[in-house]
Amino acid sequence: MRVKQISLLFIFLSVFIFSCKEKVAVEPLEEIESENDGVITYSEYAGEEPTTPEETEYYKPKVPVVEPGKNGAPPSDAIILFDGISFDGWMHTQDSTAVKWHLNEDGSMTVADKTGNIRTKQEFGDVQLHIEWKSPLPVQRDGQNRGNSGVFLNGMYEVQVLDNNDNDTYVNGQVGSIYKQGPPLAMASVPTGEWNVYDIIYHAPEFNEEGGKVKSATVTVLHNGVLIQDHTEIKGTTPYIGWPKNPPHGKGPLMLQDHGDDSRVSYRNIWVREL
Ligand code: MG
């Protein structure tokens, strides 16, 4: 009986010590103001100064492994939205009908004029989005009527697509702008007729139970590898006329614009990673 009690005590102590050892993850950071004005420190770092390297290293939780895509291919955990073969994952926004845009032999799609915007069937919240687009040749018209399309995050916030090469327009509506809200930090388009790349990191807005916005959406955009939107606050919807609006919403589709003026903009290689 005594031996059994000692054994049980030993097992209990082993489990206790093991569970203590597992608690290696660092506590979440909490910003605290120091007594010196303007200096931010962190509660986690407020204790006694470590004297060994191991005290500031941790191993859990493990970071997920993602295999990067080779030669422009999507990474291993990406959701492929358009693979160049079919419009299976898409429909027209207005009436949910099958997509009437052109499916090209080179694995791209092109806006079919006045057929309307298209959207993904799947809906998303926070995403990393990769999308490639091309302005058409020969060049037609000027300003907002030259190769105008757009990538709508959450189905309602437009990152402008436009042929801005030698083509002035209002800067908060130029290529890479958050339409009618924020001009891009740079104009980074390739020559008309070549493929542009947008890599977009989007965080959706948050709303309270009454439908009031408590946190704005933010967007970061790389245009051909150049940072053009740097964690930009999205103030609301991006209408042609009027102020941004903030209707409450949850997840939404990715939407592509038919500007309705024979824009002939093409897209290819579209994928997202949910964040
Ligand atoms: Mg547009």
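Below you will find a few notes about this structure. (Residues numbered from 1 in each chain as written. Predicted model: local features only at pLDDT ≥ 70, side-chain atom pairs only at ≥ 80, totals over all residues. Heavy atoms only, no water.)

Description of the coordination of the magnesium ion
And step 1. Within the protein, the atoms that donate to the magnesium ion are Asn 148 (OD1), Ser 149 (O), Glu 158 (OE), Gln 160 (OE1) and Gln 257 (OE1), at distances of 2.2 to 2.3 Å.
And step 2. In primary sequence terms, the donor set of the magnesium ion follows N-S-x8-E-x1-Q-x96-Q. Taken as a pair, Asn 148 in the loop between β8 (127-134) and β9 (149-153) and Gln 257 in the loop between β16 (255-256) and β17 (266-274) lie far apart in primary sequence, 109 residues in all. Note on accessibility: Asn 148 and Gln 257 belong to one class, buried. (Donors = N, O, S within 2.8 Å, 3.2 Å for Na, K, Ca; no water. Helix = DSSP H or I, 4+ residues; strand = E, 2+ residues; numbered from the N terminus. Buried < 20%, exposed > 50% of the residue type's maximum accessible area, 1.4 Å probe, protein only.)

Some words on unusual backbone geometry
Note: most peptide bonds trans; most residues except glycine with negative phi.
And step 1. Between Lys 60 and the following residue, Pro 61, the backbone shows a cis peptide bond with an omega angle of 0°.
And step 2. Its location among the elements puts Pro 61 in the loop between β2 (40-42) and β3 (79-82).
And step 3. The amide bond that connects Leu 137 to the next residue, Pro 138, takes the cis arrangement and shows omega of -5°.
And step 4. In this structure, Arg 141 takes a positive phi of about 60° despite not being glycine.
And step 5. Locating Arg 141 in the fold gives a position in the loop between β8 and β9.
And step 6. The phi dihedral of His 231 falls on the positive side, at around 55°, and the residue is not glycine.
And step 7. Locating His 231 in the fold gives a position in strand β15 (residues 226-234).

Quick look at the side chain of Glu 132
And step 1. By secondary structure assignment, the location of Glu 132 is in strand β8.
And step 2. A distance of 2.7 Å separates a polar atom in the side chain of Glu 132 from a polar atom in the side chain of Arg 268.
And step 3. Discounting residues that sit within four places of it in the chain, Glu 132 has contacts with Trp 195, Asn 196, Val 197, Ser 266, Tyr 267, Arg 268 and Asn 269. (Polar contact = N/O pair within 3.5 Å; in protein donor to acceptor, adjacent residues only side chain to side chain. Contact = heavy atoms within 4.5 Å.)

Let's talk about the sheet that holds strand β10 (residues 157-161)
And step 1. Reading across from one edge, β4-β7-β16-β9-β10 is the order of the five strands in this open sheet, with antiparallel pairing throughout. Because the sheet does not close on itself, it has two edges, and the strands there are β4 (90-92) and β10.
And step 2. As paired strands, β9 and β10 are joined by five bridges and run antiparallel to one another. The residue of β10 that forms the bridge with Leu 153 is Tyr 157. (Pairing = 2+ DSSP bridges.)

A closer look at the nonpolar core
And step 1. Ranked by internal contacts, the top residues of the largest apolar core, which has 38 residues, are Tyr 198, Tyr 267 and Ile 270.
And step 2. The element that contributes the greatest number of residues to this core is β8, accounting for four residues.
And step 3. With residues near it in sequence (within four places) discarded, Ile 270 still touches Ile 79, Ile 80, Leu 81, Phe 82, Trp 90, Met 109, Leu 129, His 130, Ile 131, Leu 254 and Leu 256. (Core = buried A, V, L, I, M, F, W, Y, C linked by side-chain atoms within 4.5 Å.)

Fair warning: the whole summary comes from geometry, so function is off the table for now.
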